[in-house]
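Each chain, written out:
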Amino acid sequence: MRDILPGEMGAWYFAEGLAREVANRFGYQEIRTPVAEHAELVERGAGESSDIVRKEMYRFQDLGERWLVLRPEGTAAAVRAYFESGLDRGPQPARLFMLAPMFRYDRPGKGRYRQHQQFSLEAIGDGSPALDAEVIEVAHTWFAELGLRQVTLNLNSIGDETCRPAYRDALVAYYRPLKERLSADDQRRLEQNPLRLLDSKDDEGFKAGAPKIADFLCDDCREAFGQVCGLLEAAGIEYQLNPLLVRGLDYYTRTTFEFWHGALGGAQNALGGGGRYDGLAAALGFTATPGVGFGLGIDRTLEMVSEEGEEIVSPPAAELLVLPAEAGLERAAAAVARRARELVPAAVDYSTRSLRAKMRSAGGSGARWAAIFNGAEADRRVVQLRDLASGEQREVAWDDLARTLGE
Ligand code: AMP
């Protein structure tokens, strides 16, 4: 888990502010769910055989001996909140989004952290394929307005409970004779969750010859997928059909998608992804209810924003520093800062250093102005307002400070 420091904060404000703005523009409202959930909810949601549940969960007992987890993703929590807070009885679909930390006990590396931040979004309570296209458009808009140019949308349909069983059988029939040549991990997938073989990290070329889900879709799934594709085309959103895209979670049905970046290594390094999860609510023990959504990783997305050469400036600690030249001027200094704050962020250097030292430190702080004064000037209620870049300086009355800064 890492600290995010002031110098990076401009980029975070921009990405999260834009996420809120874009989501609101599409009629989605923010929710915030607790950072911890009952382990059972998350385990049912993510699927017992998924990597998340098997290897990546922060799972612990609280003092009441309940098993909790730090949430690894947002969807199960959003669906729980949807039912527990009565959103299921309001207008449908509920359009919700979150900006929240997610936790995965994975081996940390570049672009992979044990705590990362997601922009996640869900449309719950309506099964229309038009909503699949809508949530994809929200994500696409966010990436585009962040200025990212090298993002590609990968798209697939993984069918539903009608057509997926036959596909799963075909997949098992294809892989069974290859079992001895699979890694231990993949042998386990073959038994527990054969679809996951398609996003295996240690595939030796078997995936390419595997049966394709597109050849197995039932009429309803085929029609729904056609509608999603048509709506994306109408929205001018390019996509790449990717038959290997299955997502790691068991409750997904029909549409799955991932956003990849040119500078990342493909499937294992997506910026984000999502899909339809019509089986999730029932799997969690609620009334069967359709839903579709995404989770986009903000950490990795911002790494790609700077990879593409965009620099987002972070706010300085203060734009104006008040520098009293003598001891005992705290009250006057605070009064000056208060006036400056009518227009710009301002802070006081309360240290007992010499004025020279204060000036040097102000020069390196990123601030634009210094307001300098001694006791006699405090009595006259004036400061010397100095432009730290040009060195230009002039006397300004306290009461004129905000007006002068605004000129
Ligand atoms: P997932 O729920 O695994 O599909 O993750 C959705 C997105 O969250 C990914 O595409 C990443 O951008 C981001 N993400 C997932 N796990 C991590 C991690 N360990 N560190 C940083 N970002 C992550």
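The rules we used
- Residues numbered from 1 in each chain as written.
- Predicted model: local features only at pLDDT ≥ 70, side-chain atom pairs only at ≥ 80, totals over all residues.
- Heavy atoms only, no water.
- Axes fitted to C-alpha atoms, helices over the stretch in contact; angles between N-to-C directions.
- Helix = DSSP H or I, 4+ residues; strand = E, 2+ residues; numbered from the N terminus.
- Parallel < 35°, antiparallel > 145°, perpendicular 65-115°, else oblique.
- Left-handed = near helix turned anticlockwise from the far one by under 90°.
- Contact = heavy atoms within 4.5 Å.
- Near = heavy atom within 4 Å.
- Polar contact = N/O pair within 3.5 Å; in protein donor to acceptor, adjacent residues only side chain to side chain.
- Areas by Shrake-Rupley, 256 points an atom, 1.4 Å probe, with all protein chains shown as cover.
- Nonpolar A, V, L, I, M, F, W, Y, C, P; charged D, E, K, R; others polar.
- 1 Å grid on protein atoms, 1.4 Å probe; cavity = no way out; pocket = protein on both sides within 12 Å on 5 of 7 lines; lining within 4 Å.
- Points joined across faces, edges and corners; volume = space filled by probe spheres on them.
- Pairing = 2+ DSSP bridges.
- Expected span 1.5 Å × (residues − 1).

Undergrad: How should the packing of helix α5 (residues 129-145) against helix α8 (residues 219-234) be read in this particular structure?
TA: What describes two packed helices is the angle between their axes and the distance between those same axes. Remark: α5 packs on α8, axes separated minimally by 8 Å, with the N-to-C direction vectors making an angle of 40°. Considering their axes alone, α5 and α8 lie oblique with respect to each other. In the crossing of α5 with α8, the sense of the turn from one axis to the other is right-handed. Here P129, A130, D132, A133 and I136 of α5 come into contact with α8, specifically with A224, Q227, V228, L231 and L232.

Undergrad: How do you make sense of the site of the ligand when you look at a structure like this?
TA: Close to the ligand lie 13 residues; R104, Y113, A270, L271 and G272 are nearest. Within the backbone of A270, a nitrogen or oxygen atom sits 2.7 Å from an oxygen atom of the ligand. In isolation the ligand exposes 480 Å². Once the protein is present, 86% of that is buried. Of all the secondary-structure elements, those providing two or more residues to the shell around the ligand are β6 (115-124) and β11 (291-297). Looking at side-chain class alone, the shell around the ligand contains 3 nonpolar, 6 polar and 4 charged residues.

Undergrad: Which parts of the structure should I look at to understand empty space enclosed by the protein?
TA: It is a probe the size of a water molecule, rolled over the atoms, that shows where empty space is left. Taken as a whole, this structure holds 1 cavity of 30 Å³ or more when the rule is applied. Its volume calculated, the largest cavity comes out at about 50 Å³. Along the walls of the largest cavity sit G127, P129, D132, S157, C221, A224, F225, V228, R254, T255 and R276, which together make up its complete lining. Looking at the lining of the largest cavity, the elements that each hand over two or more residues are α5, α8 and β9 (253-261). Take the lining of the largest cavity: its biggest share by element is 4 residues, from α8.

Undergrad: Can you help me understand the pairing of strand β4 (residues 67-70) in this one?
TA: Regular strands place side chains that alternate from one sheet face to the opposite one. Here strand β2 (residues 36-38) runs beside β4; their pairing, made up of 3 bridges, is antiparallel. Its bridge partner being in β4, A36 is matched across the sheet by L70. Counting the residues between successive antiparallel strands, the hairpin from strand β3 (residues 58-61) to β4 contains 5 residues, one of them, E65, with a positive phi of roughly 65°.

Undergrad: Which parts of the structure should I look at to understand the sheet that holds strand β16 (residues 393-397)?
TA: Where strands meet in a sheet, backbone hydrogen bonds hold them as pairs that are either parallel or antiparallel. With respect to topology, 5 strands assemble into an open sheet ordered β13-β12-β14-β15-β16, the strand pairing being mixed. On the outer flanks of this sheet lie β13 (346-348) and β16, each paired with one strand and no other. Averaged over all pairs of adjacent strands, the angle between strand axes in this sheet comes to 30°, irrespective of strand direction. Pairing between strand β12 (residues 320-324) and strand β14 (residues 369-373): 5 bridges, direction parallel. Opposite L320, over in β14, you have W369 as the bridge partner. Sheet strands touched by helix α12 (residues 355-363): β12, β14 and β15 (382-387). Its angle to β12, the strand with the most contacts, is close to 175°.

Undergrad: I tried to follow helix α1 (residues 9-25) on my own but got confused; where do I start?
TA: Residues three or four positions apart in an α-helix share a direction because the helix packs 3.6 residues into each turn. Compared with an ideal rise of 1.5 Å per residue, which puts 17 residues at 24 Å, α1 spans 24 Å between its outermost C-alpha atoms and is within 8% of the ideal. Buried residues in α1 make contact with β5 (94-103), β6, α5 and α10 (298-307). Just beyond α1, the residue with positive phi is G27, at close to 85°.

Undergrad: What should I look at first to understand the packing of α1 against α5 in this one?
TA: Their axes nearest at 10 Å, the elements α1 and α5 cross at an angle of 140°. It follows from the interaxial angle that α1 and α5 lie oblique. Between α1 and α5 lies a crossing of right-handed hand. Contacts from F14, A15, L18, A19, E21, V22 and R25 of α1 reach α5 at V138, T141, W142 and E145. Residues belonging to the contact of α1 with α5 are distributed by class as follows: 7 nonpolar, 1 polar and 3 charged.

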